[in-house]
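Chain by chain, the residues:
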Amino acid sequence: MSQTTDTNTKEQPTNDVITKDVAAIDLGSNSFHMVVAKVVDQDLQLVSRHKQRVRLASGLDEHGNLDDAAMERGLECLAMFAERLQGFEVDNVRIAATHTLRIAANAHVFLQQARDVLPFPIEVIPGEEEARLIYAGVAHTQTESNSKLVVDIGGGSTELIIGKAFEPVLLNSTQMAASVIPISTSPTVSFPLKTLPKPFSLPDNVLKH
């Protein structure tokens with residue numbers, strides 16, 4: 001099931017304004033996500049969002065190998081993304097692969113085939129880098145409180161991040177997925193540290209503003 005949201009309702013920039021098209025792709029364990037945006041001088045304008053459920057993690061066998069069906073679902077999604085990214089500069093596209101492609105024994109096979117479909121570098125990022133990127137996204141969109149605890153429950157791992165303003169202080173990535181955690185809200189949540197229930201405790205230097 002794929003979802004595409006187009007938000008490009010702004011007027012086209014004039015010729016004297018510096019613009020560039022950028023995109024970010026998240027190759028997750030359950031879904032692949034792509035966000036396309038336009039940079040106009042110092043302004044970032046969201047153009048579209050794309051989401052495809054590929055269930056990559058469900059294709060892992062007892063030996064930790066991705067099966068052919070899971071890889072095919074992923075490659076079909078990447079082919080769709082490639083059509084949308086025609087004409088994009090290589091330096092303006094970042095693709096991050098997370099938990100399932102970190103642990104799959106044959107991840108290199110999928111990545112090689114993916115390069116034939118999508119002509120942009122794919123970076124398999126460690127858990128802490130995934131956590132850092134998650135926190136950066138939350139910090140720049142939810143600025144109400146200075147100190148935050150952010151929890152992202154994904155299809156293959158869960159990231160917990162404590163930070164102050166735009167800087168993460170503590171980062172953690174754990175192999176604990178949404179499939180074993182019952183949730184009824186958004187998979188990414190954040191709230192001010194001072195609202196944490198007791199006996200949840202944190203170092204004093206983290207709680208200080």
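Reading the values: the criteria
- Residues numbered from 1 in each chain as written.
- Predicted model: local features only at pLDDT ≥ 70, side-chain atom pairs only at ≥ 80, totals over all residues.
- Heavy atoms only, no water.
- Helix = DSSP H or I, 4+ residues; strand = E, 2+ residues; numbered from the N terminus.
- Contact = heavy atoms within 4.5 Å.
- Core = buried A, V, L, I, M, F, W, Y, C linked by side-chain atoms within 4.5 Å.
- Buried < 20%, exposed > 50% of the residue type's maximum accessible area, 1.4 Å probe, protein only.
- Pairing = 2+ DSSP bridges.

Colleague: Help me out: how do you make sense of the side chain of Asn 92 in this one?
Modeller: Following the sequence through the fold, Asn 92 ends up in the loop between α1 (68-84) and β5 (93-97). Not counting residues within four places of it along the chain, the set of residues in contact with Asn 92 comprises Lys 20, Asp 21, Val 22 and Ala 23.

Colleague: What should I look at first to understand the nonpolar core in this one?
Modeller: Membership of the largest hydrophobic core comes to 31 residues, with the highest contact counts inside it found for Leu 27, Phe 32, Leu 85, Leu 101 and Phe 110. When residues of this core are traced back to their parent elements, those giving at least two are β2 (19-27), β3 (31-40), α1, β5 and α3 (107-117). When residues in this core are grouped by element, the largest group, seven residues, is from α1. Not counting residues within four places of it along the chain, the set of residues in contact with Leu 85 comprises Ala 23, Ile 25, Met 34, Val 36, Val 93, Leu 118 and Phe 120.

Colleague: Got a minute to help me understand the pairing of strand β4 (residues 43-53) in this structure?
Modeller: Remark: a regular strand shows side chains that alternate across the two faces of the sheet. As judged from the 10 bridges shared by β3 and β4, these two strands associate in the antiparallel manner. Following the sheet pairing, Phe 32 is matched in β4 by Gln 52. Counted along the chain from β3 to the antiparallel partner β4, the turn is two residues long, and its residue Asp 41 has a positive phi close to 55°.

Colleague: How do you make sense of unusual backbone geometry when you look at a structure like this?
Modeller: Residues apart from glycine generally show negative phi values, whereas peptide bonds are mostly found in trans. Phi is positive for Arg 55, which is not a glycine, with a value near 50°. Along the polypeptide, Arg 55 turns up in the loop between β4 and α1. For Arg 55, a relative accessible area of 34% translates into the label partly exposed. Unlike most non-glycine residues, Ala 165 shows phi in positive territory, near 55°.

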